[in-house]
Structures are given as C-alpha cells and as structure tokens.
10 protein chains.
Amino acid sequence: MLFKVEMDVNVPAGFDAERFETLKAAEKARFQDLQRAGTWRHIRRVVGHYSNVSIFDVGSNAELHDILTTLPLYPFMAVRVTALCRHPSSIHDDDR
Amino acid sequence: MLFKVEMDVNVPAGFDAERFETLKAAEKARFQDLQRAGTWRHIRRVVGHYSNVSIFDVGSNAELHDILTTLPLYPFMAVRVTALCRHPSSIHDDDR
Amino acid sequence: MLFKVEMDVNVPAGFDAERFETLKAAEKARFQDLQRAGTWRHIRRVVGHYSNVSIFDVGSNAELHDILTTLPLYPFMAVRVTALCRHPSSIHDDDR
Amino acid sequence: MLFKVEMDVNVPAGFDAERFETLKAAEKARFQDLQRAGTWRHIRRVVGHYSNVSIFDVGSNAELHDILTTLPLYPFMAVRVTALCRHPSSIHDDDR
Amino acid sequence: MLFKVEMDVNVPAGFDAERFETLKAAEKARFQDLQRAGTWRHIRRVVGHYSNVSIFDVGSNAELHDILTTLPLYPFMAVRVTALCRHPSSIHDDDR
Amino acid sequence: MLFKVEMDVNVPAGFDAERFETLKAAEKARFQDLQRAGTWRHIRRVVGHYSNVSIFDVGSNAELHDILTTLPLYPFMAVRVTALCRHPSSIHDDDR
Amino acid sequence: MLFKVEMDVNVPAGFDAERFETLKAAEKARFQDLQRAGTWRHIRRVVGHYSNVSIFDVGSNAELHDILTTLPLYPFMAVRVTALCRHPSSIHDDDR
Amino acid sequence: MLFKVEMDVNVPAGFDAERFETLKAAEKARFQDLQRAGTWRHIRRVVGHYSNVSIFDVGSNAELHDILTTLPLYPFMAVRVTALCRHPSSIHDDDR
Amino acid sequence: MLFKVEMDVNVPAGFDAERFETLKAAEKARFQDLQRAGTWRHIRRVVGHYSNVSIFDVGSNAELHDILTTLPLYPFMAVRVTALCRHPSSIHDDDR
Amino acid sequence: MLFKVEMDVNVPAGFDAERFETLKAAEKARFQDLQRAGTWRHIRRVVGHYSNVSIFDVGSNAELHDILTTLPLYPFMAVRVTALCRHPSSIHDDDR
C-alpha cells in the first residue's frame, strides 16, 4: 500500500554538530536498507528546503508508523502522511 | 528536471455528463502519451479524493507550464507545483 | 487497517428535495451494509453540523478509495482521511 | 455524552528522559483505568505522529475538562475537543 | 451543560425577501421560546456582522444538535460549537 | 458596552511554580473585584484548555485595554477581543 | 471611541450596473454625512483593491453596528472590525 | 504617500527590564520626532494587545523601510505594511 | 518606486469566449504600453497557473492603484501588492 | 530557467553580533558573485522586513538547490521557491 510522506528536518540551533552527523549517517543507512527492501520506494528533495517527498509501499498502517517513528532523525522531523492508491490510467506495472 | 504536481479536479454541479466523459477520455489519452514519453513519470490517486500526486520530468519550467495548461481537464483543476531534485542518498538510478 | 474519515455534507441551495431524499436513503442503506460487514466500524455526528466522524477498517487504501468515492452522497461531501493504527496501551481487543 | 479528543504530544528537547518515562507510565495507568471504566471509550494512534484520536463518553463537559487537564502528560499536549452525538443511522447499540 | 455557539448568517443573493422575513420571524419566535426555557441562555450580536455569539445550557450534546439543526435559519448559517464549563473563580451562581 | 474576550494562558516550561501560584491568586482576586463591579460580566472555561471565554461590560475601549493589560497573568496570555452589542430579539434586560 | 474598520467590496458578476451606480452614489452621500459629523473620521483606499481602511469615532458599539449594517453597499461588503484606543505617546489632540 | 503599518511588540520572557525601558523611551522620542515631522501621521493602540495601527506619510518606499527598520523596538516587532492612497470620496484635505 | 504585484486570473465558467479574447487583447496592448514606458518593469508567468509575478516602477501609490484597477482583466483578477525597495547589495543600476 | 525565491532572515536573539556580521559579509560577496554571473538575476527588499524577493536564472532545479542551501545565511532563512517562465506578452528579450 502506497503513502506519500513529506518530511521537513529542523535542527535546533546549537545542537551538537558531531552528534547530528552521526544521526544523519544512521538515517542514510536505514533509508538505504528500506529502499533496497522496496519499502521506501522513492525519495526526492524539495528545492531550497531540508525536506523530502517520499513514497512508501508498506503492508499496513502500523508498519508505516513503526518505520517513521524509529527513523534516527524522526525527533527533528515534521511529517505529513497521505494515503495513496494506484491510478487506473497508469500504464506502469510498478506505479502501484 | 523533477516536479511534484498535485491536481484536484472539481466538476461544477450541472456540467454536461457526456461532455465530461469526452474530456476525461482525452485526458487519459494525453496522460498515457506523456507517461510513455517519460515526461509524466508517476501518477497516484489520493485516497477519498478526485485528486492525484504526480511526478513530472521535464526539460524546462516552460515545458511543464505548456503541458499542464493544455491538459483537457485543466479548466477543472486546482494545481500545486513543487520543484524537486535528486536526493543524494538514493540508490536508484531512475530516482532522479 | 484503520482510517478516520471525516465527512461534511453540503447540499447546494435549490437541489431537488425529493432527489436528495432518495440519495440519503441509498446512503443509509449502503452505510448499514458496510457497518454490518465491519468495514464502517463507527459513525458519530458532529454537534451542530451535517458532518460525521467515522472509523473504517479496510484491507487496503484502494478499498477505502472505492468505498468512499461510490457513496451515494459523495458528490456532496468534503472528505478528510487520516491513517490510524492500534494504540499499544489499549486494553480492548477490538480497538484495532 | 461523546466527544472526539485529539491529542498531540510534544516533548521539549532536553527534557529529562527518565522523568518522561515515569510520566508516560502514569499516563498509561490512568488511561487504562479510564478505559476500563468506559469513559475513554477508544484510542487510536495517528500514523507517523506522537498523537492519538480518542472517543470519550462522559456525564458532563466539566467531567471531561477535569479528566483531560489532570492527565500526567497534559502539560505536553495540544488538545482539540469536538462534541459528538449518536448518528441515527447506526445499527450498533454501543455507537452512542 | 454550557456551550458557546457562534452563528454567521449568509443569505444568498437573490433569495426571496418575503420568504426570508417569514423565516426570520420564525427564528425569533423559536429563539424566544428557548430563551424563556433557559436553554438559549444568552445571545449577543457581533458588531458589523450578521452574526451572534450565544451561550446554550443543554442536557446533552444530542439536545444541542437537535436544537441547532432545526432552527428556521439553520440552512443559511455557518456554526461553530465550543464546549464550556463553569469557571471555579466565578462568584455568580448562574455562571454555570 | 459589551466585548467578548477569549484568553489562553501559556506558562513557559520551567517558570517558577510558587511565583505562578502567587500570580494566579492575584489574578483571581482581581477577577472577582471586576466581577462584583459588573465589569467582568461572565467567565467560562473552555473544555480541555487553560482558556476562558469572558464577557466584559465597560464604559470605553480604553477602559477595556487598561483592565486587560494590567491583569496579573496578562504576560502569559494570548487574547482575542470582539466588539458585541445587544441583540434586538433578546428578552433579558441584562443581556446588554 | 475609535474602531478600525476594513471593508472589501465584492460585486457579483452580472449585477445590474445602473443599480450599482445608484447604490454607490448613496454610499458616497452617506459616507460624506458621516465624515462631516466626525463619525467616519478617516477613509483610505487599499492600493490595487476595491477596499478601504477607515477609522470610526462612535459613542458605542451599537452605534457602530447600526452605521455599518445600514450602509447602501453593506450587502456587498466583507467587514473586519478592530477596537482601538488613544496611544499615550501621541502628541496630536485629535489622535483619539 | 500613505501606508498603513501594523506593529506587534513581543518582548522575550527574561529580557532585561531596565534595558527594555531604555529602548521604550528611545522609541517614544523617535516616534514623537516623526509625528511632529508629519511622517508618522497617526498612531492608535489595538485594545488588549501590545500593538498599534499607524499611518505613515513618506516620500518613497525606501524612506519607509529606513524608518521602520531603525526603530529602537524594531527587533521586537512583527510588522505588516499595506500601501494606501487617497479615497476620492473624502472631504478632508488632509485625508491624503 | 518598486512594487511586486501578483495577479491570478479567474474566468467564470460560462463567460463568453469571444468577449474574453477581446479583453485579453486589450490587456496585452495595455501591458505592452506600460512595459515600453518602463512602468510595468517585469512580468513572468507562474508555472501551472493563469497567474503572473510582476514588478512595477511607479511615481506613487495612487498611480499604481489607477493602473491596476483599470486593467481590462482587472474584474477577473485576485491581486496581491507588496512594497519593495532597492537592495543595498545589488550591483545593477536598474535593480531599483 | 526562472524561479522566484523569497527569503526571510530571522536572527535568533542573543546570536553573536560579530559572527553575524561576518556571515552577512560572506553572504554579500556570494550574492554579488552570483549576480555578476547572471544567476541571481534580481534582488529587492521587502519594505519593513528583513526579507527579499529575488529572481534566479539557473540551469536546473538541482543547481538552485545547491546555491540556496549553501548561502552563508541559509541557516537563518525561511525560503519560498516558485517556478516561473517567460510571459508570452513580454517585449523584453531579457524577461526570460
């Protein structure tokens, strides 16, 4: 099942830079695991913002909740979740 | 270049049903031409709404403007355009 | 899977009253079928409004989309959809 | 009488983690007492957020106020309260 | 139980003036019955608007819903409902 | 002259609790003086919030400004002021 | 007593042009009477809009309500009312 | 040329009180110079708020920018600027 | 003096197409006169919308008001006006 | 390709003034390099705000993202990006 998830990252001024780099590296590793597994189907940056627009393909709402709330950068994120479904006009098999 | 385009379709009450079906068929044909061309990369429905979330891959802002404003259903659409770019963490070549 | 769906019904001034009663009766019948099936788990009215707050339990996002967009009163509705999941503290088995 | 209550929990950065766990445990215990009593009828999580959508069944507005404002996590919550009532189409006795 | 109800009246341009006067007279009669009964405790106009701020004292949410949705001018109203309760500092017995 | 004043109290995390209790006691005393004088006509709590909806009856805009901005809890308040006037349908002499 | 009143005029498409000119002339005459009387203290246009920002000096909220709601163009106006008072730093006697 | 400028002053909790009084005195002196010069034509307080509504009469946009951004309290202000012009119906010569 | 003006054009459904083309031609002619005169300094389209972002250079607020409100398409426009001024870092003489 | 970028600069209270001046000087130098290169086509101040409205001319969305997010003052900015394109009525060659 498809969801659009939009994430804005806000790092509080004065947050320890080294600790943030560690969290970013962990976030990237976690993201790539999920992308390889086909769960985090797409990610794109929003121009001019520390934000992304992503497509998730999950088995259930609960699975999506668990993934999002355990992301290393989750405590710094504002998140918007929108339920999607396949468009009947699409000619791509993987546009589910 | 990537853009997220969100389209909400609003058909005025009392609009001629047959004429609308004709426009919808033309919209579908135009969409599929653009999808085959790789321009309208993805389309997904928003659950519960006559709306979609789409990804366009175009050569310029002007090309996107021309495509959107000549869609058969454009006069019935509210449109939101967001400039995107490739995310450096993505492992998919086509996640541009 | 659980979703909160909030529906506001807006009948345009001058809409044929008899036709609206027919649609309302069809909506009620469809609702009760879905409630008996366990799909439309709960419905409650919002005080002072022609609106309801409902809980749906569906197998997929697509199923929810199909149910909502084929409701007899759907053309008169503004709809808001929010993905939910079971709360780990709940002691009710059916609070899924 | 029914109310929809939506709660968003925001923990300030740097709040003592152990103290927060103590408050969360107290919140869970209080919630379960109220759920057993039939007052906090339902609770569900909002996917991707530290938020819930709940249904309360109380004897009066004042009772709801006292319950909400004495929750252990209340100082960290943004709360939205909406008065509801039974929907005449519902076939469930307990959908009051 | 107390509720603040704010009502904005919007008469569509071109609505039959005589019919509207009839509805207004019915609204006034209904209002005065409810005020005499102690249900519609207070009403005040908002300066510069066809709007009022009212206090209702009702036995239940359902009673308030029935009162509001059967007002003669209800089809022309936008309504906002807020649940209130007695303030502990008040020295007026009837400030419930 | 009547005004609706809505007040939301926000105490910053970490504010000295004893000092806040002193301010609250001073606020209550000031409120009761004004209520006895007929100036702060009504006060009611908003369910689930540290907020009130009040009706003031003052001789001038300037008097209302002076009262509000010298309340002991004013530095912690967000305030919304709306000018009201007597509704011609009211049957209560004191609904001015 | 001073109030800022902001008025936006919206003429529905297709409204009879001659009738609107008659209403505008009546509005202008009424405005000038009120300006001469010192009630409608100031009026200024908002650049690019069919809107004005005005200052009224009235004896009561009710007087302002009666003035605004009987303006010839009132049925076409969206109005925002803000209560003002003299600023203690002003050196102008008439800046009341 | 006329501009409406609305200013809200927000003093951060804990700001040094003596320093703020010094800034307020400087602001008042600067304001009165500008009022005497006819530049800061009017100032009025917004009831219940640490805010004012002002009318400026300046020779250019740049002059207004320089005045506003060098006000002693500017770092504490949220400012809204609206371009105005003389209303053709006004009978006051100085209502420019 | 510089102003940013943003214009959204909304043509009501059913408006006579030939009459609209006539107005558009008149709008274009008027625009080009003003561009040649250096008054309407820049115009750009907003991608996906019947909207533009423009820069005007005018002698006064009143001149801008007269230009905007006499544009042939003005009755179909929603307009937002923002006062600008030269940025001190700019190295372009004509970036005034 | 053209983009409108609106930037609001917010310096947190208490930020080291000398360090901020250093960042501002670096921002100015970077801006002037980009203006000379024709990339940062225009910049104008918004009257009364620490904000600008700018026009960028870039080869791709990614180029714009890289420019904006590496500006020395970027960590203090709120940014809004809008895709533009040449208006067909413009008579200026460089109004692309």
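Residues numbered from 1 in each chain as written. Chains lettered and ligands numbered in written order. Predicted model: local features only at pLDDT ≥ 70, side-chain atom pairs only at ≥ 80, totals over all residues. Heavy atoms only, no water.

**Student:** Would you mind going over the overall build of chain A with me for this structure?
**Tutor:** In terms of helices and strands, chain A carries two helices and four strands. In chain A, the order of α-helices and β-strands from amino to carboxyl end is β-α-β-β-α-β. C-alpha atoms of chain A, sized along the principal axes, occupy 50 × 25 × 20 Å. Residues counted as buried form 52% of the 96 residues belonging to chain A. When the accessible surface of chain A is summed, it comes to about 4200 Å², and 51% of that surface belongs to carbon and sulfur atoms. (Helix = DSSP H or I, 4+ residues; strand = E, 2+ residues; numbered from the N terminus. Buried < 20%, exposed > 50% of the residue type's maximum accessible area, 1.4 Å probe, protein only. Areas by Shrake-Rupley, 256 points an atom, 1.4 Å probe, with all protein chains shown as cover.)

**Student:** Help me understand the relation of the copies chain A and chain B, please; the structure alone is not making it clear to me.
**Tutor:** A rotation about an axis combined with a shift along that same axis relates the two copies of the chain. Least-squares fitting of chain A to chain B yields an RMSD of 0.0 Å, with the superposition described by an axial translation of 0.0 Å and a rotation of 180°. Within this description, the copies of the chain are treated as partners about a two-fold rotation axis. Mapped onto chain B, 100% of the interface residues of chain A are again interface residues, and the two copies thus contact each other with one and the same surface. (Least-squares fit on C-alpha atoms with pLDDT ≥ 70 in both. Contact = heavy atoms within 4.5 Å.)

**Student:** What exactly am I supposed to notice about the interface of chain A and chain B here?
**Tutor:** When the parts come together, some accessible area is lost, and that loss is often what is quoted as the size of the interface. Counting residues at the interface gives 31 residues for chain A and 31 residues for chain B. A combined buried area of about 2900 Å² lies between chain A and chain B, and 58% of that area is made up of carbon and sulfur atoms. If you look at where chain A meets chain B, you find two salt bridges. Lys4(A) serves as the salt-bridge partner of Glu6(B), at 2.4 Å between the closest nitrogen and oxygen. At the junction of chain A with chain B, the criterion picks out 12 residue pairs in polar contact (both at pLDDT 80 or more). Of all elements in the fold, only β1 (2–9), α1 (17–36), β2 (40–46), β3 (51–57) and β4 (77–86) of chain A reach the threshold of two or more residues within the side of chain A that touches chain B. With six residues, β2(A) is the largest single contributor of residues to the side of chain A that touches chain B. Residue composition of the side of chain A that touches chain B, by class: 12 nonpolar, nine polar and 10 charged. Direction of pairing for β2(A) relative to strand β4 (residues 77–86) of chain B: antiparallel, over a ladder of three bridges. Across the sheet, Arg45(A) pairs through a bridge with Cys85(B), a residue of β4(B). (Buried area = accessible area lost by both parts, 1.4 Å probe. Salt bridge = Lys/Arg side-chain N within 4 Å of Asp/Glu carboxyl O. Polar contact = N/O pair within 3.5 Å; in protein donor to acceptor, adjacent residues only side chain to side chain. Nonpolar A, V, L, I, M, F, W, Y, C, P; charged D, E, K, R; others polar. Pairing = 2+ DSSP bridges.)

**Student:** Hey, could you run me through the sheet that holds strand β2 (residues 40–46) of chain F in this one?
**Tutor:** Pairing between the strands of a sheet is mediated by backbone hydrogen bonds and can be parallel or antiparallel. Around the barrel, eight strands lie side by side as β1(E)-β3(E)-β2(E)-β4(F)-β1(F)-β3(F)-β2(F)-β4(E); this closed barrel has antiparallel pairing. This sheet shows a mean twist of 35° between the axes of neighbouring strands, independent of strand direction. One ladder, built from seven bridges, connects strand β1 (residues 2–9) of chain E with strand β3 (residues 51–57) of chain E; its direction is antiparallel. The residue bridging Phe3(E) from the neighbouring strand is Phe56(E), located in β3(E). In the packing of helix α1 (residues 17–36) of chain F onto the sheet, the strands contacted are β1 (2–9), β2 and β4 (77–86) of chain F, and the crossing angle to β2(F) comes to about 135°. (Axes fitted to C-alpha atoms, helices over the stretch in contact; angles between N-to-C directions.)

**Student:** Would you mind going over the sheet that holds strand β3 (residues 51–57) of chain I with me for this structure?
**Tutor:** If you trace the eight strands once around the closed barrel, you get β1(I)-β3(I)-β2(I)-β4(J)-β1(J)-β3(J)-β2(J)-β4(I), paired in antiparallel fashion. Geometrically, the sheet is characterised by an average inter-axis angle of 35° between neighbouring strands, direction not taken into account. Along the sheet face, helix α2 (residues 61–69) of chain B touches β2 (40–46) of chain I together with β1 (2–9) and β4 (77–86) of chain J and points at about 70° away from the line of β4(J). Contacts between helix α1 (residues 17–36) of chain I and the sheet are confined to β1 (2–9), β2 and β4 (77–86) of chain I, with β2(I) contributing the most and set at about 135° to the helix.

**Student:** Teacher, can you tell me more about the environment of Leu23(I) here?
**Tutor:** Residues and elements named next belong to chain I. Turning to its location among the elements, Leu 23 is positioned in helix α1. With 50 residues separating them in the primary sequence, Leu 23 and Leu 73 have C-alpha atoms 6.4 Å apart. The contacts of Leu 23, once residues within four sequence positions are left out, are Phe 15, Pro 72, Leu 73 and Phe 76.

**Student:** I'm lost on the packing of aromatic side chains in this one. Help?
**Tutor:** Ring pairs (aromatic) are described by centroid distance and by the angle formed between their planes. For the structure shown, the criterion picks out 50 aromatic pairs over all chains. With a centroid separation of 4.6 Å and 35° between ring planes, the pair formed by Trp40(A) and Phe56(A) is classed as tilted. Linking Trp40(A) in strand β2 with Phe56(A) in strand β3, this pair joins segments that are 16 residues apart in sequence. Per residue, the accessibility class of Trp40(A) equals that of Phe56(A), and both read buried. Ring geometry for Phe15(E) against Phe20(E): centres 6.3 Å apart, planes inclined by 85°, an arrangement best described as edge-to-face. On the basis of relative accessible area, Phe15(E) is assigned to the partly exposed category, the value being 30%. Given a relative accessible area of 9%, Phe20(E) falls into the buried group. (Phe/Tyr/Trp six-rings, centres within 6.5 Å; stacked < 30°, edge-to-face > 60°.)

**Student:** Teacher, can you tell me more about the interface of chain A and chain D here?
**Tutor:** Contact residues are listed per partner, giving eight residues for chain A and six residues for chain D. Between chain A and chain D the total buried area reaches about 560 Å² when both faces are included, carbon and sulfur atoms providing 61% of it. Summed over the shared surface of chain A and chain D, the result is zero salt bridges. Where chain A touches chain D, the interface holds four residue pairs in polar contact (both at pLDDT 80 or more). Only α2 (61–69) and β4 of chain A provide two or more residues apiece to the side of chain A that touches chain D. It is α2(A) that provides the largest number of residues to the side of chain A that touches chain D, a total of five residues. For the side of chain A that touches chain D, the residue count by class is five nonpolar, three polar and no charged.

**Student:** Sorry if this is basic, but what is going on with the pairing of strand β1 (residues 2–9) of chain G here?
**Tutor:** Here is the key point about a regular strand: its side chains alternate between the two faces of the sheet. All names here are of chain G. The element β1 is largely enclosed, with a buried count of seven among its eight residues. The sheet contact formed by β1 and strand β4 (residues 77–86) spans seven bridges and is antiparallel. Considered in β4, the bridge of Asp 8 is made with Ala 78.

**Student:** Can you walk me through the pattern of salt bridges in this structure?
**Tutor:** Working definition: two side chains of opposite charge can pair if their charged atoms are close together. With the rule as written, the count across this model stands at 70 salt bridges over all chains. Bridged by salt links that share partners, the residues Lys4(A), Glu6(A), Asp8(A), Arg80(A), Lys4(B), Glu6(B), Asp8(B) and Arg80(B) form one connected network.

**Student:** I would appreciate a short explanation of the arrangement of the chains in the present structure.
**Tutor:** Nothing in chain B touches chain E; the tightest C-alpha to C-alpha distance between them is still 17 Å. Nothing in chain A touches chain F; the tightest C-alpha to C-alpha distance between them is still 17 Å.

**Student:** Explain the relation of the copies chain A and chain D to me, please; I cannot follow it from the model alone.
**Tutor:** Laying chain A over chain D is done by rotating through 72° and shifting 0.0 Å along the axis; what remains is an RMSD of 0.0 Å. The symmetry that links the two subunits is that of a five-fold axis. For chain A, the minimum C-alpha distance to the rotation axis belongs to Pro12(A) and amounts to 9.5 Å.

**Student:** Would you mind showing me how to read the environment of Trp40(J) here?
**Tutor:** All names here are of chain J. Residue Trp 40 is classed as buried on the basis of its relative accessible area, which comes to 1%. Put simply, Trp 40 and Thr 22 are 18 residues apart on the chain and 21 Å apart in space, counted from C-alpha to C-alpha. Beyond its immediate sequence surroundings of up to four residues, Trp 40 is in contact with Met 7, Glu 27, Phe 31, Leu 34, Gln 35, Ser 54, Ile 55, Phe 56 and Leu 71.

**Student:** Could you clarify how one ought to interpret the confidence of the model for chain A in this entry?
**Tutor:** Close inspection of predicted coordinates is inappropriate for parts of the model with low pLDDT. Here chain A averages 95 in pLDDT, and 98% of its residues register 70 or above. Reported confidences for the modelled complex are a pTM of 0.96 and an ipTM of 0.95. (pLDDT = per-residue confidence, 0-100.)

**Student:** Sorry if this is basic, but what is going on with a nonpolar patch on the surface here?
**Tutor:** A surface patch of nonpolar side chains, amounting to about 230 Å² of accessible area, comprises Val11(H), Phe15(H) and Tyr50(H). Checked against the element boundaries, Val11(H) lands in the loop between β1 (2–9) and α1 (17–36). (Patch = residues over 30% accessible without salt bridge, like charges linked within 9 Å, V, L, I, M, F, W, Y side chains within 5 Å.)

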